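Residues per chain, in single letters:
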Amino acid sequence: MERALRLEVASQKSLHGVYDGLAEKSMRRFSMVACYHFKRIAPGARIWAWKEPEPQGYLVTYYDMGNHPVWMTLWSTELPSGNGERLWWETERFARDFNRDTVLVSEDEQGVVCYRFYSPDRGARAWVRVAPDGSSMTGEQTEQFFQGLVKRWRRGALELEAVHFEERTQACAWLDDAFGFQPREMPERRSVLEAAARNALKSPFHVMPLVRDKAYLDYDPKAEYEKVLQAAQGLLAPSGFHKSKGNFYRLWEGGTYMECIQFQRNWMRLDPTQETIFTVNIGWGAAAHSGRERWAARDLTRGAAPCSRRIGHLTRGYDHWYELYPGVDTVEVAETVMSDLKKAVAYLDQCRTPG
């Protein structure tokens, strides 16, 4: 049985998104959520928390941008354990997720340290093992560690048989230096994570607390949004409205007059995978006012349907957006939307039949 100690991800292009990729992988596999996902941010710099986070894990990275390193180091309480085959599989999965050459460093129960390398572009594997006492190192295809790096770091295979050390820490330090892993003196894993728990790590370390919360990760905002649309259809259909995706419309007098209700989602979201923010637009009017003889259904079922007034201005006196995210009761949101829609339909009826 081996346990992963850290990951090294190559800076072959840009490391933007690698950190988030590891966070997402850890969260999904172990039902972990980043603490910032528990914050709700609204316009006007109002910040509040709907759930008090209780960190149970940490994700720590080291990337010294000032020295332009070729690898980024990552530690986490959520890195995997298993036999050799399992850790090879994990190495390849991480590499494909990041789309960069990746090294997984692990230690087994006898104290053997293993550096597993995988390149998603070349499909290449390589490895190095360090004996528990550091007296010997073995490996295969070690030149693969360097092939995808910038030119100044490329080199041939390491001559492992020619080097000998008195301690394992010396052997690992020599390997880290040869590969270009930073920091040069790798801190012990537990001390790094304990410092993360105290928020005592300084740049270039970066810490993300993780919270175990399966309910959050299982939340499907699209499904919850669809429930609201179904409730709207149940309310509007008896009044003669037809539905097309997120649009509802009804035609009067052979299509010379129309009324439309359009659900509009906001694509600028704090957490796109776990929330939906939406509003409702309404519109009405004679076809002649738009330079046409009559309205057709296709005019009212597209994204550019002539629904120009926000329902919030009608029901509240200001623009209003509804939110669906973990911790919010969809039934309550739907009831609020239905209440506003009833007012909107009454207003449309009044506009159509003045006096």
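Residues numbered from 1 in each chain as written. Predicted model: local features only at pLDDT ≥ 70, side-chain atom pairs only at ≥ 80, totals over all residues. Heavy atoms only, no water.

## A look at the packing of aromatic side chains
The relative placement of two aromatic rings is captured by the distance of their centres and the angle of their planes.
Then step 1. Under the criterion given, the structure shown has 16 aromatic pairs.
Then step 2. A centroid spacing of 5.0 Å and a plane angle of 35 degrees characterise the contact between Phe117 and Phe145, whose relative ring orientation is tilted. Of the two residues, Phe117 is situated in strand E9 (residues 113–119) and Phe145 in helix H3 (residues 144–147); the sequence distance between them amounts to 28 residues. Accessibility assignment for this pair places Phe117 and Phe145 in one class, buried.
Then step 3. Through pairs of rings, three or more aromatic residues link up here, namely Trp71, Tyr115, Phe117, Phe145, Phe146, Phe179 and Phe181.
Then step 4. Stacked on the ring of Phe146, the Lys or Arg Arg155 has its end atom at 5.4 Å from the ring centre.
Then step 5. Directly above the ring of Trp252 sits Arg352, whose terminal nitrogen or CZ lies 3.8 Å from the centroid. (Phe/Tyr/Trp six-rings, centres within 6.5 Å; stacked < 30°, edge-to-face > 60°. Helix = DSSP H or I, 4+ residues; strand = E, 2+ residues; numbered from the N terminus. Buried < 20%, exposed > 50% of the residue type's maximum accessible area, 1.4 Å probe, protein only. Lys NZ or Arg CZ within 6 Å of the ring centre and 35° of its normal.)

## Considerations on the layout of surface pockets
Then step 1. Quantified by volume, the largest pocket comes out at close to 420 Å³.
Then step 2. Every residue lining the largest pocket is counted, 19 residues in all, and those nearest its centre are Leu5, Arg6, Arg168, Met186 and Pro187.
Then step 3. Breaking the lining of the largest pocket down by element, the ones donating at least two residues are strand E1 (2–10), strand E8 (102–108), E9 and helix H4 (168–179).
Then step 4. When residues of the lining of the largest pocket are assigned to their parent elements, the largest contribution, five residues, is made by H4. (1 Å grid on protein atoms, 1.4 Å probe; cavity = no way out; pocket = protein on both sides within 12 Å on 5 of 7 lines; lining within 4 Å. Points joined across faces, edges and corners; volume = space filled by probe spheres on them.)

## Some remarks on the packing of helix H7 (residues 221–236) against helix H9 (residues 330–352)
How two helices sit against one another is set out by the angle between their axes and by the gap between those axes.
Then step 1. At a closest axis distance of 10 Å, the pairing of H7 and H9 adopts a crossing angle of 35 degrees. Viewed along their axes, H7 and H9 form a crossing whose handedness is right-handed. Where H7 approaches H9, its residues Glu224, Lys227, Val228, Ala231, Ala232, Leu235 and Leu236 are matched on the opposing element by Thr330, Ala334, Val337, Met338, Leu341, Lys342 and Val345.
Then step 2. Looking at side-chain class alone, the contact of H7 with H9 contains ten nonpolar, one polar and three charged residues. (Axes fitted to C-alpha atoms, helices over the stretch in contact; angles between N-to-C directions. Left-handed = near helix turned anticlockwise from the far one by under 90°. Contact = heavy atoms within 4.5 Å. Nonpolar A, V, L, I, M, F, W, Y, C, P; charged D, E, K, R; others polar.)

## Structural notes on H9
Then step 1. For H9, spanning 23 residues, the distance from its first C-alpha to its last is 32 Å, which sits close to the expected 33 Å at 1.5 Å a residue.
Then step 2. Lining the buried residues of H9 we find H7, strand E14 (247–252), strand E15 (257–266), strand E16 (276–286), helix H8 (311–315) and strand E18 (322–324).
Then step 3. The N-capping residue of H9, defined by a side-chain oxygen 2.9 Å from the backbone nitrogen of Val331, is Asp329. (Expected span 1.5 Å × (residues − 1). Polar contact = N/O pair within 3.5 Å; in protein donor to acceptor, adjacent residues only side chain to side chain.)

## Details of the confidence of the model for the protein chain
Then step 1. For the protein chain, the mean per-residue pLDDT works out to 86, and 92% of the residues sit at or above 70.
Then step 2. Averaged pLDDT values for the elements of the protein chain fall to 48 in strand E4 (residues 46–49) and rise to 97 in E9.
Then step 3. Here residues 43–49 is modelled with pLDDT under 50, and outside its nearest four sequence neighbours on either side it reaches nine contacts, counting other chains as well. (pLDDT = per-residue confidence, 0-100.)

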